[in-house]
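Take a look at the letters that make up each chain.
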Amino acid sequence: MAIIGSLGDIIFEVSHDTVRTFDDMKWNSGVKYTTHERHLKDSLIEFVGVLPDTITFNIKFSAFLGVNPIEEITKLLDAEREGKVLRLVIGCKAYGKYKWTIEKSSKDLERFDNKGNLVVAKVSISLKEYTRR
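All of the points below concern the structure found in this document. (Residues numbered from 1 in each chain as written. Predicted model: local features only at pLDDT ≥ 70, side-chain atom pairs only at ≥ 80, totals over all residues. Heavy atoms only, no water.)

Notes on the environment of Val67
Here comes step 1: Within the secondary structure, Val67 sits in the loop between strand 7 (54-62) and helix 1 (69-81).
Here comes step 2: For Val67, a relative accessible area of 5% corresponds to the buried category.
Here comes step 3: For the pair Val67 and Asp78, spaced eleven residues apart in sequence, the C-alpha to C-alpha distance is 18 Å.
Here comes step 4: Beyond its immediate chain neighbours, meaning those up to four positions away, Val67 contacts Thr18, Val19, Arg20, Phe61, Ser62 and Glu72. (Helix = DSSP H or I, 4+ residues; strand = E, 2+ residues; numbered from the N terminus. Buried < 20%, exposed > 50% of the residue type's maximum accessible area, 1.4 Å probe, protein only. Contact = heavy atoms within 4.5 Å.)

What about unusual backbone geometry?
Here comes step 1: The phi dihedral of Asp24 falls on the positive side, at around 55°, and the residue is not glycine.
Here comes step 2: Note that Asp24 resides in strand 4 (residues 22-28).
Here comes step 3: The exposure class assigned to Asp24 is partly exposed, which follows from its relative accessible area of 48%.
Here comes step 4: Phi is positive for Leu40, which is not a glycine, with a value near 60°.
Here comes step 5: Along the chain, Leu40 turns up in the loop between strand 5 (31-36) and strand 6 (44-50).

Here's the deal with a nonpolar patch on the surface
Here comes step 1: A grouping of Val31, Tyr33, Ile45, Phe47 and Val50 is seen on the molecular surface, where their side chains present a nonpolar patch of about 510 Å² in accessible area.
Here comes step 2: Those elements that place two or more of their residues in the nonpolar patch are strand 5 and strand 6.
Here comes step 3: Take Val50: it is sitting in strand 6. (Patch = residues over 30% accessible without salt bridge, like charges linked within 9 Å, V, L, I, M, F, W, Y side chains within 5 Å. Areas by Shrake-Rupley, 256 points an atom, 1.4 Å probe, with all protein chains shown as cover. Salt bridge = Lys/Arg side-chain N within 4 Å of Asp/Glu carboxyl O.)

What to know about the sheet that holds strand 9 (residues 93-94)
Here comes step 1: Strand order in the open sheet formed by five strands is 3-2-1-8-9, with antiparallel pairing between adjacent strands. One side of each edge strand has no neighbouring strand; the edge strands of this open sheet are strand 3 (19-20) and strand 9.
Here comes step 2: Looking at chain direction, strand 8 (residues 88-90) and strand 9 are connected through two bridges and run antiparallel. Bridge assignment links Ile90 to a residue of strand 9, and that residue is Lys93. (Pairing = 2+ DSSP bridges.)

Examining the side chain of Ser62
Here comes step 1: Tracing the sequence through the fold places Ser62 in strand 7.
Here comes step 2: For Ser62, a relative accessible area of 6% puts it in the buried group.
Here comes step 3: Sequence-distant contacts of Ser62, that is, excluding residues within four places in its chain, are made with Val67, Pro69, Val119 and Val120.

Below, the structure is given as structure tokens:
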């Protein structure tokens, strides 16, 4: 088994029996400015701080690749709805300044078997940086 990384207790891994990986990861960052209007002069901008970083990525869950899609979705939903603060680690590198929270998710329920069981799903995750106080 090769562990690629983790988001809290959600493990990204590849083995002979299981494939649980992510793709299309994007890391966004930004800053904020305020604008000061001046009478008969150009406006001035002032740097006021750093916005929280965001990371988005997709995860494909497939029963054909050794995972139960509905169980995996439930884990992610629980973390999202409980506001859990999670460490994101890929390889040996922890990403961000501290930890992350799941800001939102979108679930594409792609395939069901003949008994109505979900067998393939694609989940899009949006993380927001959670900094220390």
